[in-house]
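What the coordinates show
As a plain string of letters, each chain reads:
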Amino acid sequence: MVNSDNKKLLAALEANWQAEMEGHYTYTAFAKGEVDPQRRNALRGLAAAEKHHADLWARRIQELGAPPPQYVGDLSGQADSLANRVGGTDLALRRLEIDEGRDIAKYGKQLKALRDQSSIAILEEVIADEREHYQTLGNLIRSRRPLPEMPPEQAQEALDDLLATRENSQTQAAGWVGDAIYGINDGLGSIFGIVSGVSGATLGNSHFVLIAGLAGMVASALSMGSGAYLAAKSEREIFEAEFAREREAVEDNEAEAREVLSLSYQIRGLPEEDAERFVDHLAKDREQLIKALARERLTTTEEGLSKPMVSAVSGALSTAIGALIPIIPFFFMTGIPAVIVAAIVSLIAHFAVGAAKSLITIRAWWSSGFEMTWIGALEGVVTYIIGMGLGRIGGSR
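Model, not experiment: these values are computed from the prediction. (Residues numbered from 1 in each chain as written. Predicted model: local features only at pLDDT ≥ 70, side-chain atom pairs only at ≥ 80, totals over all residues. Heavy atoms only, no water.)

Considering the overall build of the protein chain
Helix and strand content of the protein chain: 14 helices and zero strands. When the helices and strands of the protein chain are placed in sequence order, the string is α-α-α-α-α-α-α-α-α-α-α-α-α-α. Taking all 397 residues of the protein chain together, 38% fall into the buried category. When contacts within the protein chain are restricted to residue pairs at least 6 apart in sequence, long-range pairs at least 24 apart make up 74% of them. Surface exposure of the protein chain reaches about 22500 Å², of which carbon and sulfur atoms provide 59%. (Helix = DSSP H or I, 4+ residues; strand = E, 2+ residues; numbered from the N terminus. Buried < 20%, exposed > 50% of the residue type's maximum accessible area, 1.4 Å probe, protein only. Contact = heavy atoms within 4.5 Å. Areas by Shrake-Rupley, 256 points an atom, 1.4 Å probe, with all protein chains shown as cover.)

A word on helix α11 (residues 308-324)
With 17 residues, α11 extends 24 Å between its outermost C-alpha atoms, agreeing within 8% with the 24 Å of an ideal straight helix rising 1.5 Å per residue. When we look at burial in α11, the residues that qualify are Pro308, Ser311, Ala312, Ser314, Gly315, Ser318, Thr319, Gly322 and Ala323. (Expected span 1.5 Å × (residues − 1).)

Some details on the nonpolar core
Residues Leu13, Trp17, Trp57, Ile61 and Tyr107 are the most contacted members of the largest nonpolar core, which totals 22 residues. Setting aside anything within four residues of it in sequence, one finds Trp17 in contact with Ala54, Trp57, Ala58, Ile61, Pro69, Gln70 and Tyr71. By size, the runner-up hydrophobic cluster in this structure holds 17 residues, among which are Val250, Ala275, Ala283 and Ile290. (Core = buried A, V, L, I, M, F, W, Y, C linked by side-chain atoms within 4.5 Å.)

Side note on the pattern of salt bridges
Scanning the model with the defined rule gives 10 salt bridges in all. We note a salt bridge from Arg286 to Glu254, for which the minimum N-O separation is 2.8 Å. One end of the pair, Arg286, is in helix α10 (residues 286-298); the other, Glu254, is in helix α8 (residues 254-266), and 32 residues separate them in sequence. Look at Arg286 and you get partly exposed, because its relative accessible area is 39%. Close ionic contact of Arg258 with Asp280 constitutes a salt bridge, the shortest N to O distance being 2.2 Å. Residue Arg258 is located in helix α8, and its partner Asp280 is located in helix α9 (residues 272-283); the two are separated by 22 residues in the primary sequence. Accessibility expressed as a relative area gives 26% for Arg258, which makes it partly exposed. Among the residues examined, Asp280 registers a relative accessible area of 35% and is labelled partly exposed. Three or more residues joined by partner-sharing salt bridges are found here, namely Glu254, Arg258, Asp280 and Arg286. (Salt bridge = Lys/Arg side-chain N within 4 Å of Asp/Glu carboxyl O.)

Notes on the packing of helix α1 (residues 7-33) against helix α2 (residues 37-63)
Where α1 contacts α2, the two axes come as close as 8 Å, and the packing angle between them is 160 degrees. Here α1 is positioned roughly antiparallel relative to α2, judged by the angle of their axes. Between α1 and α2 lies a crossing whose hand is left-handed. By residue class, the composition of the contact of α1 with α2 is 14 nonpolar, five polar and seven charged. (Axes fitted to C-alpha atoms, helices over the stretch in contact; angles between N-to-C directions. Parallel < 35°, antiparallel > 145°, perpendicular 65-115°, else oblique. Left-handed = near helix turned anticlockwise from the far one by under 90°. Nonpolar A, V, L, I, M, F, W, Y, C, P; charged D, E, K, R; others polar.)

Points about α9
In a regular helix each residue adds 1.5 Å, so 12 residues correspond to 16 Å; α9 covers 16 Å between its end C-alpha atoms and thus fits that length. Inspection of α9 places Asp274, Ala275, Phe278, Val279, Leu282 and Ala283 among the buried residues, and these make up the whole buried set.

Topic: the packing of aromatic side chains
Throughout the structure, instances matching the rule amount to three aromatic pairs. With a centroid separation of 6.3 Å and an interplanar angle of 35 degrees, the aromatic rings of Trp57 and Tyr107 are classed as tilted. Of this pair, Trp57 sits in helix α2 while Tyr107 sits in helix α3 (residues 82-113), and the two are 50 residues apart along the sequence. Using a relative accessible area of 0% as the deciding quantity, one classes Trp57 as buried. Between the aromatic rings of Phe351 and Phe370, the centroid separation amounts to 5.2 Å while the plane-to-plane angle is 70 degrees, which identifies the pairing as edge-to-face. (Phe/Tyr/Trp six-rings, centres within 6.5 Å; stacked < 30°, edge-to-face > 60°.)

Topic: the confidence of the model for the protein chain
Looking at the protein chain, pLDDT values average 77 and 81% of them are 70 or higher. When the elements of the protein chain are averaged for pLDDT, helix α5 (residues 152-169) gives the smallest value, 46, and helix α12 (residues 329-332) the largest, 90. When the criterion is pLDDT under 50, residues 143-155 qualifies, and its contacts beyond four places in sequence or with other chains add up to 10 contacts. (pLDDT = per-residue confidence, 0-100.)

Points about the side chain of Ser318
When you line up the elements, Ser318 lands in helix α11. A distance of 3.1 Å separates a polar side-chain atom of Ser318 from the backbone oxygen of Gly315. (Polar contact = N/O pair within 3.5 Å; in protein donor to acceptor, adjacent residues only side chain to side chain.)

Section: the UniProt feature "transmembrane region" (unreviewed entry) in the protein chain
UniProt records the feature "transmembrane region" (unreviewed entry) at residues 208-232, 310-332, 338-360 and 372-393, using the numbering of this structure. Across residues 208-232 one finds 100% helix and 0% strand; the C-alpha atoms that close the span lie 36 Å apart. The span residues 372-393 carries 100% helix and 0% strand; its end-to-end C-alpha distance comes to 32 Å. (UniProt positions renumbered as here; feature names shortened; annotations may be inferred.)

As structure tokens, this is what we get:
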């Protein structure tokens, strides 16, 4: 019979057991699908460690008089979730890296909240392992070696050097570049479909194709521009609201805010003493403390936000440019030759836009280009056939 005093403790331990079992199944599923031997072995090691943690919690739960816990999740853990299937393995591992960091913070709070010495001993072992898991996942994702420990006075200098190196060596996906590529893609795809459909219905009558295409171009450009503006404005407003909450948190309980910031540095490999010292240095200027906490909690900075007007202009203009491409041949030609030339030009443009997407994604340019091309070709064929059918229906009346 479980004592009522132990119910709260057991609830926490069973939640820990469930989380560790889910992690075990998740890493096991990813290991089965991994083709690289080193990454596969690393994932298997993580799965085994999570199972060991679960066994520790299960044993303590039974020692407290409760029955063995029963796993209620999916046998693939989080591996088969929609977000992980769509995003791919690398994005899934980034999510797991974040989850490991959250687990460390959660277990750190339990160290202070729980009054059971046996459970605290398990927590200390699990936290040490989870910190290693966090670093292992970071290495798997970024294919880099762990950074050596350094004196705290060198930490800021090293961070500045690292950021400068990344700035110079990596292609940066500026907000307006993403809006422009997306706009060209949207304008090209939608108007190519309109041009194909009207061409099928009118057998390439340039008069009707131009009217429909130009009207669609204006509508698409205005829609994309206003949508990009509202999205960027909403993103900024959300950031400002969250930043205000972080400011409130610091003002209401600065000690807790400093603890959260210190833990976030520790899970990135900074020794506890150095993390505390660095946070103490930041806390000398409350505004700097708030900004540092916001960077850790909000995953972005004010400088990283899109500017609404820039997003609107780049989105509208790029959509208009993309929409104009399939229309151009009909300014000079008519009939089936115009349809053929428009299709060729549009498919070449689809490939170019798909290849350009590699500037802001991790895919190969040729793979992204061919994907856009076959999707555009399928869209054109389908809308042309539908247009022909509608034209015949209209002509029979």
